[in-house]
Amino acid sequence: MTNSLIDARGPRFGAALTTAVLAIALVTHSAVLIALQLVIFAIGAFSSPTKTPYAFVYKKFVKPRLAGEVPLEDVRPPKFAQLVGFLFVAIAMLGSLTSSTGVITVALSLCLAAAFLNAAFNFCLGCQIYLLFTRLTHRSNAAA
Amino acid sequence: MNSLIPLAIVLVLASAFGFWFNASRGRIKSAKQAKGSVVKPALSPTELGVPFGSRVTLLQFSSAFCSPCRATRALIADITADMTDVVHVDMDAESHLDLVNRLNIISTPTTIILNSAGVEVGRAIGAPKRTQVVSAIASVV
């Protein structure tokens with residue numbers, strides 16, 4: 001499988017939209033919003049970050065307005081970041097289904113923190129832990 | 001009614017972390033030595049691929065298509081171009097996972113500063129600024 005390069009600004013725009021959705025979800029505990037974000041993260045994690053509705057909005061409305069060279073990045077770390085988001089929101093979803101407001105609040109808070117850090121500070125939590133993740137999975141492959 | 005307090009807490013704490021994180025990137029951290037411990041080289045010249053620099057070796061770990069890694073490589077290459085006692089090696093983290101594990105590399109770019117014996121004297125996590133690189137190189141005896 002070849003690893004493709006993507007416009008590095010796309011995931012960051014997606015993080016901005018995610019921040020807005022999660023902020024509202026955190027305040028309202030809306031099951032609809034949690035489910036919506038869960039589906040979007042699932043597409044990003046299991047298909048590609050370039051195939052989510054947020055990416056569609058970016059390509060159609062934002063990217064054409066941006067000037068300058070397109071900064072490229074490897075798709076794998078942002079894709080892994082979407083998986084991290086998926087796991088957080090899946091826990092929030094479980095909290096919603098079991099009416100555990102504490103679980104919803106904590107899971108959404110952590111996810112919102114990660115999305116906000118990406119959007120506002122270009123800090124990608126998934127990218128930071130991607131190397132750690134590769135080290136762990138490589139080690140278990142090597143040991144097998 | 002649902003509270004805005006968790007939202008406020010998240011935004012304040014995340015912002016504080018974001019500012020701290022960005023400010024801390026590239027800072028050189030000195031290697032700590034336990035008293036009486038034997039200091040070993042971080043790696044062998046064979047693993048490095050070239051002999052150690054006669055005074056300093058800068059061993060950088062990068063990932064594919066990581067733009068701070070490219071910027072760091074270009075910066076260090078530029079600074080060390082005329083330094084005959086300094087060697088700069090840029091390694092791909094994913095194809096050197098054994099070294100990544102041994103040296104406990106957690107993100108890229110990470111630049112390990114080695115002395116003439118190949119012993120780690122410090123490291124910079126994240127892209128360092130020019131002044132940080134220059135003073136790190138100068139401080140290795």
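Residues numbered from 1 in each chain as written. Chains lettered and ligands numbered in written order. Predicted model: local features only at pLDDT ≥ 70, side-chain atom pairs only at ≥ 80, totals over all residues.

Thoughts on the overall build of chain B
In terms of regular secondary structure, chain B is built from five helices and five strands. Each helix and strand of chain B, placed in order from N terminus to C terminus, yields the pattern α-β-α-β-α-β-α-β-β-α. A principal-axis box enclosing the C-alpha atoms of chain B has dimensions of 65 × 35 × 30 Å. Among the 141 residues that make up chain B, the fraction classed as buried is 31%. (Helix = DSSP H or I, 4+ residues; strand = E, 2+ residues; numbered from the N terminus. Buried ≥ 20, exposed ≤ 12 C-beta atoms within 10 Å, placed from the backbone.)

Things to note about the interface of chain B and chain A
Between chain B and chain A, the contact holds 24 residues from the first and 25 residues from the second. Looking at the side of chain B that touches chain A, the elements that each hand over two or more residues are α1 (5–24) and α4 (97–102) of chain B. Taken together, the residues of the side of chain B that touches chain A sort by class into 15 nonpolar, eight polar and one charged. (Contact = placed C-beta atoms within 7 Å. Nonpolar A, V, L, I, M, F, W, Y, C, P; charged D, E, K, R; others polar.)

Some details on helix α3 (residues 67–80) of chain B
The terminal C-alpha atoms of α3 of chain B, which comprises 14 residues, lie 20 Å apart, in line with the 20 Å expected from a rise of 1.5 Å per residue. Those residues of α3 of chain B hidden inside the fold are in contact with β2 (56–62), β3 (86–92), β4 (110–115) and α5 (130–138) of chain B. (Expected span 1.5 Å × (residues − 1).)

A word on the nonpolar core
One broad trend across soluble globular proteins is that nonpolar side chains are buried collectively. Residues and elements named next belong to chain A. Core analysis: the biggest nonpolar cluster contains 60 residues, and Leu22, Val89, Ala107, Leu108, Cys111, Leu112 and Ala113 have the highest contact counts within it. With 11 residues, the top contributor of residues to this core is helix α5 (residues 101–121). Residues within four places of Val89 in sequence aside, it is in contact with Ile34, Gln37, Leu38, Phe41, Ala107 and Cys111. (Core = buried A, V, L, I, M, F, W, Y, C linked by C-beta atoms within 7 Å.)

Description of the sheet that holds strand β1 (residues 28–30) of chain B
Residues and elements named next belong to chain B. Ordered in space as β1-β5-β4-β2-β3, the five strands form an open sheet in which the pairing is mixed. In the strand order of this sheet, the two ends are held by β1 and β3, each with one partner. Sheet twist, expressed as the mean angle between neighbouring strand axes with direction ignored, is 20°. Two strands pair when backbone bridges link them, and β4 and strand β5 (residues 120–125) are joined in this way by five bridges, in the antiparallel orientation. If you follow Ile112 over to β5, its bridge partner there is Arg123. On the sheet, α3 packs against β2, β3 and β4 and is oriented at approximately 165° with respect to β2. (Pairing = 2+ DSSP bridges. Axes fitted to C-alpha atoms, helices over the stretch in contact; angles between N-to-C directions.)

Considerations on the pairing of β4 of chain B
Residues and elements named next belong to chain B. The element β4 is extensively covered by neighbouring structure, given that six of its six residues are classed as buried. Residues Thr110, Ile112 and Leu114 of β4 are buried on one face, and the alternating residues Thr111, Ile113 and Asn115, pointing to the opposite face, are buried as well. Linking two consecutive strands that pair antiparallel, namely β4 and β5, is a turn of four residues; a positive phi of about 80° is found at Gly118 within it.

Let's talk about the confidence of the model for chain B
In the predicted model, chain B carries a mean pLDDT of 91, and the fraction of residues at 70 or more is 96%. Reported confidence for the predicted complex is 0.87 by ipTM and 0.84 by pTM. (pLDDT = per-residue confidence, 0-100.)

Focus on the packing of α5 of chain A against α1 of chain B
In contact at an axis separation of 9 Å, α5 of chain A and α1 of chain B are set at 40° when each is read in the N-to-C sense. Between α5 of chain A and α1 of chain B, the angle is such that the two are oblique. When the axes of α5 of chain A and α1 of chain B are compared, the crossing they make is right-handed. In contact with Thr105, Ser109, Leu112, Ala113, Phe116, Leu117, Ala120 and Phe121 of chain A of α5 of chain A, α1 of chain B contributes Pro6, Val10, Leu11, Ala14, Phe17, Gly18, Phe21 and Asn22 of chain B. Classifying every residue of the contact of α5 of chain A with α1 of chain B gives 12 nonpolar, four polar and no charged. (Parallel < 35°, antiparallel > 145°, perpendicular 65-115°, else oblique. Left-handed = near helix turned anticlockwise from the far one by under 90°.)

Quick notes on unusual backbone geometry
With omega at 0°, the peptide bond leading from Thr108 of chain B into Pro109 of chain B counts as cis. Phi is positive for His29 of chain A, close to 55°, though the residue is something other than glycine. Mapped onto the elements of the fold, His29 of chain A is located in the loop between α1 (9–28) and α2 (31–46).

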